[in-house]
Every structure is written in structure tokens, then in C-alpha cells.
Amino acid sequence: MRNIFAAAACVLILSLFIGLNGASGQKEGAAPTFADVSAIFSKYNCTLCHGSVKASYGLALHKYESLMKGSKNGPVIVPKDPAKSMLVRQIKGEKQPRMPINGPPWVTENEVQVIEKWIAAGAAKE
Ligand code: HEC
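Rules behind the numbers
Residues numbered from 1 in each chain as written. Predicted model: local features only at pLDDT ≥ 70, side-chain atom pairs only at ≥ 80, totals over all residues. Heavy atoms only, no water. Near = heavy atom within 4 Å. Polar contact = N/O pair within 3.5 Å; in protein donor to acceptor, adjacent residues only side chain to side chain. 1 Å grid on protein atoms, 1.4 Å probe; cavity = no way out; pocket = protein on both sides within 12 Å on 5 of 7 lines; lining within 4 Å. Sits in = over half its atoms within 2 Å of the grid points. Helix = DSSP H or I, 4+ residues; strand = E, 2+ residues; numbered from the N terminus. Nonpolar A, V, L, I, M, F, W, Y, C, P; charged D, E, K, R; others polar. Core = buried A, V, L, I, M, F, W, Y, C linked by side-chain atoms within 4.5 Å. Buried < 20%, exposed > 50% of the residue type's maximum accessible area, 1.4 Å probe, protein only. Contact = heavy atoms within 4.5 Å.

K.L.:
Is there a simple way to explain the site of the ligand in this structure?
P.N.:
Close contacts around the ligand come from 22 residues, with Cys46, Cys49, His50, Ser71 and Met99 the closest. Between the ligand and His50 there is a distance of 2.8 Å, counted from a nitrogen atom to a side-chain nitrogen or oxygen. A distance of 2.5 Å separates an oxygen atom of the ligand from a polar side-chain atom of Ser71. Most atoms of the ligand, that is more than half of them, are within 2 Å of grid points of the largest pocket. It is helix H5 (residues 86–92) that provides the largest number of residues to the shell around the ligand, a total of three residues. Of the residues contributing to the shell around the ligand, the split by class is 15 nonpolar, seven polar and no charged.

K.L.:
What am I meant to see in the nonpolar core here?
P.N.:
Soluble, globular proteins show a tendency: their nonpolar side chains are buried together. Membership of the largest hydrophobic core comes to 21 residues, with the highest contact counts inside it found for Phe41, Leu61, Leu67, Ile77, Leu87, Ile115 and Trp118. Those elements that place two or more of their residues in this core are helix H2 (34–43), helix H4 (64–69), H5 and helix H6 (109–120). Not counting residues within four places of it along the chain, the set of residues in contact with Leu87 comprises Phe41, Leu61, Leu67, Val76, Ile77 and Ile115.

See below:
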């Protein structure tokens, strides 16, 4: 009798474990990638002013390497620290001029969160 309970408990614990693991492996729970962030820069035409042709303030956002290099003032992304990242502060309007400089439309709350999550997870290239 005891063995049956022990076996049942094992199965229960095992299925819980598999269930939790399965959930965390799903796409929606995964951290955003640079590709997700890049899509936001394209949507708001950030790269027209901060790209390969023109790099306002020395900042080019079309490539991971140039984004991480930052502007003529230095880095605009501080990995693991979205609150200290100039780019985040600038799109939220915490620092003026708010970006995109020709806005509105401003970057939506959801999109800001995508960028914040990407930075919080370490701002990796892939
Ligand atoms: C129409 C051109 C234009 C667009 C579009 C634009 N920017 Fe800018 N950006 C500028 C200019 C000009 C400056 C310099 C502002 C100043 O004098 O402080 C700047 C400055 C910045 C800075 C500050 C750099 C620093 O070190 O202080 C960041 C970050 C930035 N832009 C990000 C963005 C992002 C992200 C977008 C898109 C959501 C964007 N910009 C869209 C022209 C633009």
C-alpha cells in the first residue's frame, strides 16, 4: 500500500516538474532578442536618423555593434540595467528631447517593455 502512494507521489512530482519546464521553454516566456528590438527601431524610423547613411549624435542603431558602441557621449545601453540606459530614458521622455525626435507617435508601453526586458536579460546579440 505504501509503495503505491510513494509511486503516485513520484509521478505527481515528475509531471509537475515537466509541466513547469515545458511552460518556461515556450516562446512567449523567452527573453526578447536584438531582432525584436531592431524591429521596433525600424517601425519608428529611428534608423533614418541613426543608421548607416546618417548617424545623428554619432549613434547608429542599424547594427548590434554600433548600437552597443553608443553615441558621441558613450554607451546608450547598460546591459542588465534598463533604468540607466540612455536609450530607454530617451524613448520614455525621461530625458529630452524624447525620441523619435519627430514624434509622436511615441514608442508604445509594450514596445518599451520589450527593449527593457532585452536589456535586463543582458542585451545579447542573439
Ligand atoms: C528625425 C531624426 C531622428 C529620429 C527619427 C530619431 N532620432 Fe534619436 N536623435 C536625433 C538627434 C538629432 C539627436 C541628438 C539630440 C540632442 O541634440 O540631444 C538624437 C539623440 C538620440 C539619443 C541620445 C544619445 C545620447 O547619448 O544622448 C538616443 C538614445 C536616440 N536618439 C535614440 C533614438 C531612437 C531609439 C529613435 C527611434 C525610436 C530615434 N532616436 C529616432 C535624431 C533622430
